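Letter by letter, the chains look like this.
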Amino acid sequence: NWRKLPLLIPLIIFSVSMLTNGLLYEGENLPDLLWGAGQVFVYLILYLLLYLGLRGEDGEELSKYFSYLTILMSWILILEVGELFVFGNAIEGGTIIRGRVVLGFGNCNIVGAHAAMLIPINFYGFIKGKYPYLSLVTAVFIYLVALASTSRNAMLFGSVYFVLFFAIALFYVLRGVDKK
């Protein structure tokens, strides 16, 4: 029964917001609306595939696997940004040139947003994952990527995330939380 899907109300709100985005803008046209409808369709299909595919799985094991994948994804981003700074032309005269922090999937703001979003997940891996110390080192390096991206939002939210989740992780470690 589709009415019993978890997160149905947020999915509806998300879909309506995607479809009505720019509705009152005078330059809005049919291709823009169709593009938004296509995006909504793809998100809904992905959601259904994930929900139906993972419905019977063990949530604890999935979260540990997701933590492992996050470590891998974080190191790909860390290595890409590291390569850009070491071999690229992102630094000139000891200063990071904001317009040159560009990777294959986005500019400095996109890179910074990805880095900032990966910080809390890596701290979760430190608390509950199979590789806690690798997750902690990854969280530190991905935070440095957020700072090096020169994205102001990534610097702000990345710093808040880092301090907040470091404190939570420290609390869990001092308390001796079970890894299960």
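Residues numbered from 1 in each chain as written. Predicted model: local features only at pLDDT ≥ 70, side-chain atom pairs only at ≥ 80, totals over all residues. Heavy atoms only, no water.

Asks: Tell me about the pattern of salt bridges, and name the residues and values.
Replies: Applying the stated rule across the entire model yields 1 salt bridge. Taking the shortest distance from any N to any O, the salt bridge between Glu 92 and Arg 100 comes out at 2.8 Å. A relative accessible area of 47% places Glu 92 in the partly exposed class. By relative accessible area, which is 30% here, Arg 100 ends up partly exposed. (Salt bridge = Lys/Arg side-chain N within 4 Å of Asp/Glu carboxyl O. Buried < 20%, exposed > 50% of the residue type's maximum accessible area, 1.4 Å probe, protein only.)

Asks: Quick rundown of the packing of helix H5 (residues 132–148) against helix H6 (residues 152–175)? Include the residues and the values.
Replies: Packed helix pairs are characterised by how far apart their axes lie and by the angle those axes make with each other. Closest axis-to-axis distance for the H5/H6 pair is 8 Å, and the angle between their directions is 160°. Taken together, H5 and H6 sit at an angle that is classed as roughly antiparallel. Crossing handedness for the pair H5 and H6: left-handed. Every residue of H6 that contacts H5 at Ala 139, Val 140, Tyr 143, Ala 146 and Leu 147 is listed here: Ala 154, Met 155, Gly 158, Ser 159 and Phe 162. Per-class residue counts for the contact of H5 with H6 are 8 nonpolar, 2 polar and no charged. (Axes fitted to C-alpha atoms, helices over the stretch in contact; angles between N-to-C directions. Helix = DSSP H or I, 4+ residues; strand = E, 2+ residues; numbered from the N terminus. Parallel < 35°, antiparallel > 145°, perpendicular 65-115°, else oblique. Left-handed = near helix turned anticlockwise from the far one by under 90°. Contact = heavy atoms within 4.5 Å. Nonpolar A, V, L, I, M, F, W, Y, C, P; charged D, E, K, R; others polar.)

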